[in-house]
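Each chain is listed here by its residues.
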Amino acid sequence: MIKIYNIVVNFINYLALKDRGTMDVSYYMTNDHKETNELIEKLISQANQSSNAILSSIDSRLRKHIFIEETILFPKLPPEMVDDVKYLEKEHGEVFRLLGSITNCKNEKQLQQLAQQLLDLLREHNSYEESFIYDYYQNEEVGPLIEFADPPKLWQCKIPVDR
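This write-up is about the structure you can find in this document. Only a predicted model underlies this, so the values are computations on that prediction, with no experimental measurement involved.

A word on the packing of helix H2 (residues 25–45) against helix H5 (residues 108–133)
- Their axes nearest at 9 Å, the elements H2 and H5 cross at an angle of 165 degrees. As the angle between them shows, H2 and H5 are arranged roughly antiparallel. As for the relative orientation of H2 and H5, their crossing is left-handed in sense. For the pair H2 and H5, contact is made by Thr-30, His-33, Asn-37, Ile-40, Glu-41, Leu-43 and Ile-44 and by Leu-111, Gln-112, Ala-115, Gln-116, Leu-118, Leu-119, Leu-122, Arg-123, Asn-126, Glu-129 and Glu-130, respectively.

A short note on the pattern of salt bridges
- Scanning all chains against the criterion turns up seven salt bridges.
- For Asp-32, the salt bridge identified is with Arg-61, shortest N-O distance 2.6 Å. Here Arg-61 lies in helix H3 (residues 51–73) and Asp-32 lies in helix H2, a separation of 29 residues in the sequence.
- Its relative accessible area of 22% is what places Arg-61 among the partly exposed residues.
- Of the charged contacts in the structure, one is a salt bridge between Lys-76 and Glu-140, with a shortest N-O distance of 2.8 Å. Residue Lys-76 is found in the loop between H3 and helix H4 (82–104), and its partner Glu-140 is found in the loop between H5 and helix H6 (144–147); the two are separated by 64 residues along the sequence.
- Among the residues examined, Lys-76 registers a relative accessible area of 47% and is labelled partly exposed.
- Overlapping salt bridges, with partners in common, bring together Asp-32, Glu-35 and Arg-61 in one network.

Some thoughts on the packing of aromatic side chains
- On inspection of all chains with the given rule, the structure shows three aromatic pairs.
- The interplanar angle of 90 degrees and the centroid separation of 5.2 Å between the aromatic rings of Phe-67 and Trp-155 together place this pair among those described as edge-to-face. Of this pair, Phe-67 sits in helix H3 while Trp-155 sits in the segment after H6, and the two are 88 residues apart along the sequence. Comparing Phe-67 with Trp-155 shows no difference in burial state: the two are buried.
- Grouped by ring-pair contacts, the aromatic residues Phe-67, Phe-96 and Trp-155 constitute a single cluster.

Criteria and thresholds
- Residues numbered from 1 in each chain as written.
- Predicted model: local features only at pLDDT ≥ 70, side-chain atom pairs only at ≥ 80, totals over all residues.
- Heavy atoms only, no water.
- Axes fitted to C-alpha atoms, helices over the stretch in contact; angles between N-to-C directions.
- Helix = DSSP H or I, 4+ residues; strand = E, 2+ residues; numbered from the N terminus.
- Parallel < 35°, antiparallel > 145°, perpendicular 65-115°, else oblique.
- Left-handed = near helix turned anticlockwise from the far one by under 90°.
- Contact = heavy atoms within 4.5 Å.
- Salt bridge = Lys/Arg side-chain N within 4 Å of Asp/Glu carboxyl O.
- Buried < 20%, exposed > 50% of the residue type's maximum accessible area, 1.4 Å probe, protein only.
- Phe/Tyr/Trp six-rings, centres within 6.5 Å; stacked < 30°, edge-to-face > 60°.

Here's what the structure looks like:
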């Protein structure tokens, strides 16, 4: 039932995007970076017992974002980008590892430190993607394949790290 609800919500969001005009993949993914980083900053500043909802949102956003990159965007890049892609996929594994550590963390100060590590990693990682990877998608419109992307529950990034 939840899966159907998510599909309906994603479809409504997609229609709203279409009504505002087209949005290219580069803008969509860059905006997602910004919004996710803002959530991590909020987690760092409000690390306490109520941080579970924020952490859940961060986790689902990052899983969807990485799923889109690894299953839709990266495979369409030119062959000369293979080393860049492998490096980014390795960093995706590190993002998953940090998310697991944050999820299992019971200490507020440690949670803040781990969240800061995640934010620092993402700032550098995102900057690289925005400068070199997303350029290939500046004129490609966000379509249902990206808007409705929903990673399977047990999906792992290409270079998984134990959570």
